Amino acid sequence: MSIEEFTALKVGAKVSIQRGLKSPPLRGTFADKVNESALIKIGHTPAGKPILIWAHYMKLKQEEIR
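One structure accompanies this document, and this report is about it. (Residues numbered from 1 in each chain as written. Predicted model: local features only at pLDDT ≥ 70, side-chain atom pairs only at ≥ 80, totals over all residues. Heavy atoms only, no water.)

### Some thoughts on the pairing of strand S2 (residues 26–34)
Bridge analysis of strand S1 (residues 14–17) against S2 gives 4 bridges, and the strand direction is antiparallel. Bridge assignment links Ile-17 to a residue of S2, and that residue is Leu-26. In this structure, S2 lies alongside strand S3 (residues 37–44), joined through 5 bridges in antiparallel fashion. Each bridged residue has a counterpart across the sheet, and for Lys-33 the counterpart in S3 is Ala-38. Hairpin connection of S2 to S3: 2 residues between the antiparallel strands, including Asn-35 at a positive phi of 55°. (Pairing = 2+ DSSP bridges. Helix = DSSP H or I, 4+ residues; strand = E, 2+ residues; numbered from the N terminus.)

If you want it as structure tokens, here you go:
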């Protein structure tokens, strides 16, 4: 993802995070951005708390809207 796409990305957008060559990408929802990093919600714990991870904008890819 380019920096222009990242700055235009809206909260709630579906994104995937590339983790490496042999592992599948993580899919989640864009929650927040700070400088060049993004906070992504990838799920919930059994107690109902969100699972959040940080990712650099270059590892993100916006999912297709269906």
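### Digging into the environment of Ile-53
The residue Ile-53 is located in strand S4 (residues 50–56) in this model. With 10 residues separating them in the primary sequence, Ile-53 and Glu-63 have C-alpha atoms 17 Å apart. When residues no more than four places from it in sequence are discounted, the contact partners of Ile-53 are Ile-17, Leu-26, Ala-38, Leu-39, Ile-40 and Ile-42. (Contact = heavy atoms within 4.5 Å.)

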